[in-house]
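# Fold and contact review
Below are the chains, spelled out letter by letter.
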Amino acid sequence: MFRSVLVAIAALSLATATHAQDQAPRPVTTYKAPRAADGHPSLEGVWTNASITRLERNSRHGATLSLTEMEVGKIEARNQALIDLGNRPTAPNATVTDLPADCSDGRGTDCNYNAAWTDPGSVVMRVGGQGRNGFITSTPDGRVPMRPGLKPRPRNGGPSDHPESRALGERCLLSFGTSSGPVMTPGLYNNTYQIVQTRDHVAIVVEMVHDARIIRIGGKHQTAAIRPWMGDSIGRWEGETLVVETVGFHPQQVFRGASEHLKVTERFTPVSADRMHYGFWVEDPTVFRQPWGGEYEFSRLNGMIYEYACHEGNYGLANILSGAREEERTGVKTAPTNIDQVAAQGEEGGEEN
């Protein structure tokens, strides 16, 4: 019996140590969410993380994470002015230099997408009611702590050699940027999610490129050689919080340059009837100097997610490849556009605080 007790204590200690590793921010809240059928907090509904705020802090803020109400007001007013400017009618005979954003150098989101097609958010992200200038909280400068001297992953041929070398979003395989996660971050548009919850699974339906994350509650990580898109996610409940641990990412799915050793821990905690705290913790010692993480809050939406028909009428991918073949035939390199790069990065798709 004594030996059995020791084994039980050792097992408990190991489990506690494993679960205690993530340092994702925890919210300060006394809110108790409505219960699902199994007695756990209900996360179900439609949510959005659309925000002007992005993952990394703008360097001009230095070590300051929070914003004053005056700063929040100025940022949101400046962003609204840009929205109003983009919504103005454009004269039929306008040239490139007459557009609201100067596109004469061929760069910038407004040079590729009309503003009417984008919806990156119009408000500063708040956590506990406090305005934020970035999601990352674990590093003094609010930036991803990349290891110095890292070389980019080798590419098999040029970016337009064949369909498989184009971005995953262009191929309708995975969302642009990291909308689907983990870590889930807002992008240029379609920043809407629906959570469906059962006793054994939680599904997060992502509007952008119709992704669906399936989280197995109480499961164990798969050991199969095949790695799924969005990784292998298992979850557990800690009181009011759903904790999700994801490993085994698909080798073509790259989050901030991470390798196959990437591990992401997420914490979903309802903090009011219409707000849900989202904390995240990122680990990959081969790419990052240290583990890092941060937080933001989802807002509840009244409505539904509409179908993202990614490939219907998609002539862009075919035109990109045919244009590359024409460049090879003529030897004349045309000026590139960067919309695929901006969309693929996701986090850079909106106004930075």
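Structural notes, computed from the coordinates. Quantities reported herein were computed from a predicted structural model and do not represent experimental measurements. (Residues numbered from 1 in each chain as written. Predicted model: local features only at pLDDT ≥ 70, side-chain atom pairs only at ≥ 80, totals over all residues. Heavy atoms only, no water.)

This part is about the side chain of Arg171. With respect to the helices, strands and loops of the structure, Arg171 is situated in the loop between strand E4 (130-132) and strand E5 (192-197). It turns out Arg171 is buried and unbridged, and the closest side chain with the opposite charge, Glu164, is 5.1 Å from it. If near-sequence neighbours (up to four positions away) are discounted, Arg171 is found in contact with Pro163, Glu164, Arg166, Gln252 and His311. (Helix = DSSP H or I, 4+ residues; strand = E, 2+ residues; numbered from the N terminus. Buried < 20%, exposed > 50% of the residue type's maximum accessible area, 1.4 Å probe, protein only. Lys, Arg positive; Asp, Glu negative; His and termini not counted. Salt bridge = Lys/Arg side-chain N within 4 Å of Asp/Glu carboxyl O. Contact = heavy atoms within 4.5 Å.)

Before going further, it helps to examine the sheet that holds strand E2 (residues 66-67). Across the sheet, which stays open at both edges, the three strands sit in the order E2-E4-E3 with antiparallel pairing between neighbours. Because the sheet does not close on itself, it has two edges, and the strands there are E2 and strand E3 (126-127). Strand direction decides the pairing type here: E2 and E4, joined by two bridges, are antiparallel. Bridge pairing links Leu67 to Gly131 in E4. (Pairing = 2+ DSSP bridges.)

Counted according to the given criterion, the structure contains 19 salt bridges. Between Arg256 and Glu56 there is a salt bridge whose closest N-O contact spans 2.8 Å. With Arg256 in the loop between strand E9 (241-247) and strand E10 (263-272) and Glu56 in the loop between strand E1 (45-48) and E2, the pair connects residues that are 200 residues apart, well separated along the chain. The shortest N-O distance in the salt bridge between Arg213 and Glu266 comes to 2.7 Å. Here Arg213, found in strand E7 (residues 211-217), pairs with Glu266, found in strand E10; they are 53 residues apart in sequence, far enough to count as distant. The exposure class assigned to Arg213 is buried, which follows from its relative accessible area of 2%. One network of salt bridges, with partners in common, ties together Asp22, Arg26, Arg236, Glu238 and Arg267.

Our focus in this paragraph is the pairing of strand E8 (residues 232-238). Most of E8 is tucked away, with six of its seven residues classed as buried. Across three bridges, the pairing between E7 and E8 is parallel. Bridging across to E8, Ile215 finds its partner in Ser233. Sheet analysis places E8 next to E9, joined by seven bridges and oriented antiparallel. By the bridge assignment for E9, Gly235 is matched with Val244. From the end of E8 to the start of E9, which pair antiparallel, there are two residues, and Gly239 there has a positive phi angle of about 65 degrees.

A separate point is the nonpolar core. A general tendency of soluble globular proteins is for nonpolar side chains to be buried together. Core analysis: the biggest nonpolar cluster contains 42 residues, and Phe268, Trp292 and Phe298 have the highest contact counts within it. Put simply, the parts of the chain that give this core at least two residues each are E5, strand E6 (201-206), E7, E9, E10, strand E11 (275-283) and strand E12 (292-301). In terms of residue count, E11 provides more of this core than any other element does, four residues in total. The residues contacting Phe268, other than those within four sequence positions of it, are Leu43, Met184, Ile204, Glu240, Thr241, Leu242, Val244, Met276, His277, Tyr278 and Phe298. Grouped together as the second largest cluster of nonpolar side chains are five residues, Leu67, Val72, Ile75 and Val124 included. (Core = buried A, V, L, I, M, F, W, Y, C linked by side-chain atoms within 4.5 Å.)

Before going further, it helps to spend a moment on helix H2 (residues 69-87). In this model, H2 (19 residues) spans 27 Å end to end at C-alpha, consistent with the 27 Å of a helix rising 1.5 Å per residue. Within the span of H2, buried status applies to Val72, Ile75 and Asn79. All buried residues of H2 project into a common sector of 75 degrees when viewed along the axis, lining one side. Counted as exposed and oriented over 90 degrees from the buried face of H2: Glu69, Met70 and Lys74. (Expected span 1.5 Å × (residues − 1). Arc of directions from axis to C-beta.)

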